[in-house]
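Structure assessment
Chain residues, written in single-letter form:
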2 protein chains.
Amino acid sequence: MKRVGLIVAYDGTNYCGWQVQPNGITIQGELNRCLSELLGEEIETIGASRTDAGVHAMGNVAVFDTETRMPGEKISYALNQRLPEDIRIQLSEEMPMDFHPRYCDSVKTYEYRILNRRFQIPTERLYSYFYHYKLDEKKMREATSYLIGRHDFASFCGAGAQVKSTVRTIRSVEVERFGDMVTIRISGEGFLYNMVRIIAGTLIEIGNGQYPPERMQEILDARDREWAGPTAPAKGLTLLGIQYE
Amino acid sequence: MKRVGLIVAYDGTNYCGWQVQPNGITIQGELNRCLSELLGEEIETIGASRTDAGVHAMGNVAVFDTETRMPGEKISYALNQRLPEDIRIQLSEEMPMDFHPRYCDSVKTYEYRILNRRFQIPTERLYSYFYHYKLDEKKMREATSYLIGRHDFASFCGAGAQVKSTVRTIRSVEVERFGDMVTIRISGEGFLYNMVRIIAGTLIEIGNGQYPPERMQEILDARDREWAGPTAPAKGLTLLGIQYE
């Protein structure tokens, strides 16, 4: 028996998110199916981030246990032959048996992309949120300063989440503009449900001038989801990678 | 009666190319249908570049004549409401009645994108050609020097083209690498059928070390399609824009 870790990239457009569910095709479901076929035993993967429907990934992490004699690092090649073209393993390797992708300490990095121009660019439509009103990325950047560090992010927690504590630590937030594309890159030691998308939605309300940057502190202090901006659409979000410490 | 010019962006993935054809959905067909519905008269657009199936555009140009009283610059907004989400008008404006997008002198700029890494990135799969073997972009850049200027590009003309002359002028070719993405950007006063894709396929054979950069001169001199590399896949190609002189 060995434990194998996978770095998984996917286009989330056509999936009902990561986690296996009875109705609908999921990333985890496709991985389990293709791994079970490849290795001839029933495989169940465990994912680090159970991304929502429509969210993309460059580097989600999954592990599974197997009896196979195939070397861990070869599994990526064989598995990519079977997976649909919108899921691609970037790396496979053997891991210690006590490695768990959710319970081991890690820093996750997400990117939220906003296409900010007068008209949509069709080839960007699946991987960014099209926003027509002019965004001031300097104001957005100023607002992010309030988010860095350990805070109670209750205002940025989506409804339906069942968590003991809404305190989380954000390591860094960067806002950049490349031409018409505004990107928000955020790293932290774990995130609440929809937290990155609610932060993005709030930063958009600050970037468009509806609220000043200091509003971010008031929203944090309120500890109330109603104070923050809307949950920005899933298709703008990509899980870039996960660093284990 | 007035003539209206359009700058048209599209994701070519789901189209049988630009030009109207009896079997299959085309960009021109969708434009004609949506314009006719919008303006209440039968509209036939004329396109600058009749891109192939699967080729994308940021700035193709089309014109049509209409009796409408709607101001030319307002048509973009109204038309975008009706078009499918993978076609978006970037600009509409009234043009002189003698403007013709193909017969007026212009410089077209195309970009060919090659994702050059070990494994495919799913979110790039529709808008680049995935190429696994290592490409040396310096060798590719060196090879492009032979292409600049006025030459007989018969070796780079796809089969089935009916042209009087295969002499064309290339203004510039740039090869850049951004991380794993190698881009070829090429500007010229008109191109032969599949010319950019054959140039890309040839540059790949030079970038992977199969031929030296000087091979490009021999291929030009041969004036024979069999000497050049394969036609690179359509999905890597985007018409960036057209400059009228």
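Residues numbered from 1 in each chain as written. Chains lettered and ligands numbered in written order. Predicted model: local features only at pLDDT ≥ 70, side-chain atom pairs only at ≥ 80, totals over all residues. Heavy atoms only, no water.

The name given to chain A in an unreviewed UniProt entry is tRNA pseudouridine synthase A, and the organism recorded there is Blautia hydrogenotrophica. Of the comments in the UniProt record for chain A, the one headed Subunit (unreviewed entry) reads "Homodimer." Chain A has a UniProt comment under Catalytic activity (unreviewed entry) that states "uridine(38/39/40) in tRNA = pseudouridine(38/39/40) in tRNA". (UniProt positions renumbered as here; feature names shortened; annotations may be inferred.)

**Side note on the relation of the copies chain B and chain A**
For the pair chain B and chain A, the relating rotation is 180°, the translation along its axis is 0.0 Å, and the fit reaches an RMSD of 0.0 Å. On this basis, the relationship between the two copies can be described by a two-fold rotation axis. Here 100% of the interface residues in chain B have copies in chain A that are interface residues too; the copies meet face to matching face. (Least-squares fit on C-alpha atoms with pLDDT ≥ 70 in both. Contact = heavy atoms within 4.5 Å.)

**So, the interface of chain B and chain A**
At the junction of the two partners, chain B supplies 24 residues and chain A supplies 24 residues. When chain B packs against chain A, the two sides together hide about 2100 Å² of surface, and 60% of this comes from carbon and sulfur. One can count four salt bridges joining chain B with chain A. Here glutamate 85 of chain A and arginine 125 of chain B are joined by a salt bridge, their closest N and O atoms 3.3 Å apart. Linking chain B with chain A are ten residue pairs in polar contact (both at pLDDT 80 or more), by the criterion used here. Sort the elements by how many residues they give to the side of chain B that touches chain A and strand β4 (residues 87-95) of chain B lands first, with four residues. For the side of chain B that touches chain A, the class distribution of residues is eleven nonpolar, six polar and seven charged. (Buried area = accessible area lost by both parts, 1.4 Å probe. Salt bridge = Lys/Arg side-chain N within 4 Å of Asp/Glu carboxyl O. Polar contact = N/O pair within 3.5 Å; in protein donor to acceptor, adjacent residues only side chain to side chain. Helix = DSSP H or I, 4+ residues; strand = E, 2+ residues; numbered from the N terminus. Nonpolar A, V, L, I, M, F, W, Y, C, P; charged D, E, K, R; others polar.)

**A look at helix α1 (residues 27-39) of chain B**
Owing to its 3.6 residues per turn, the α-helix brings residues three or four apart onto one side. Residues and elements named next belong to chain B. Between its first and last C-alpha, α1 extends 18 Å over 13 residues, near the 18 Å set by a 1.5 Å rise per residue. For α1, a buried count of ten out of 13 residues is recorded, marking the element as mostly surrounded by other parts of the structure. Taken together, the buried positions of α1 are Ile27, Gln28, Glu30, Leu31, Asn32, Cys34, Leu35, Ser36, Leu38 and Leu39. For α1, the secondary structure elements touched by its buried residues are β1 (2-10), β3 (56-66), α2 (75-82) and β4. The distance from a side-chain oxygen at the start of α1 to the backbone nitrogen of glycine 29 is 3.0 Å, and the residue carrying that oxygen is threonine 26. (Expected span 1.5 Å × (residues − 1). Buried < 20%, exposed > 50% of the residue type's maximum accessible area, 1.4 Å probe, protein only.)

**Observations regarding the packing of helix α3 (residues 137-144) of chain B against helix α4 (residues 195-207) of chain B**
All names here are of chain B. Packing of α3 against α4 leaves a shortest axis separation of 8 Å and a crossing angle of 130°. Looking at the two axes, α3 sits oblique to α4. As for how α3 packs across α4, the hand of that crossing is right-handed. Here Lys139, Met140, Ala143 and Thr144 of α3 come into contact with α4, specifically with Leu203, Ile206 and Gly207. (Axes fitted to C-alpha atoms, helices over the stretch in contact; angles between N-to-C directions. Parallel < 35°, antiparallel > 145°, perpendicular 65-115°, else oblique. Left-handed = near helix turned anticlockwise from the far one by under 90°.)

**Description of the UniProt feature "active site" (unreviewed entry) in chain A**
Residues and elements named next belong to chain A. In the UniProt entry, the feature "active site" (unreviewed entry) is given for Asp52. Tracing the chain through its elements places aspartate 52 in the loop between β2 (46-47) and β3 (56-66). Owing to a relative accessible area of 23%, aspartate 52 belongs among the partly exposed residues under this scheme. Setting aside residues up to four positions removed in sequence, aspartate 52 forms contacts with Gly17, Tyr193, Asn194 and Arg197.

**Points about the domain arrangement of chain A**
All names here are of chain A. Domain annotation of chain A identifies domain 1 (2-95) and domain 2 (106-244). Of note, the centres of domain 1 and domain 2, computed from C-alpha atoms alone, are 27 Å apart. Tallying the contact residues gives 15 residues for domain 1 and 16 residues for domain 2. In total, about 1100 Å² of surface goes out of reach between domain 1 and domain 2, with carbon and sulfur atoms giving 57% of it. For the domain 1 face of the interface with domain 2, the top three residues by lost area are Asp52, Val55 and His56, together amounting to 39%. Taken together, the links from domain 1 to domain 2 amount to one salt bridge. A salt bridge links arginine 197 to aspartate 52; the nearest nitrogen and oxygen atoms lie 3.5 Å apart. Joining domain 1 to domain 2, the criterion identifies ten residue pairs in polar contact (both at pLDDT 80 or more). Split into classes, the residues belonging to the side of domain 1 that touches domain 2 amount to six nonpolar, seven polar and two charged. (Domains from an automatic or database assignment.)

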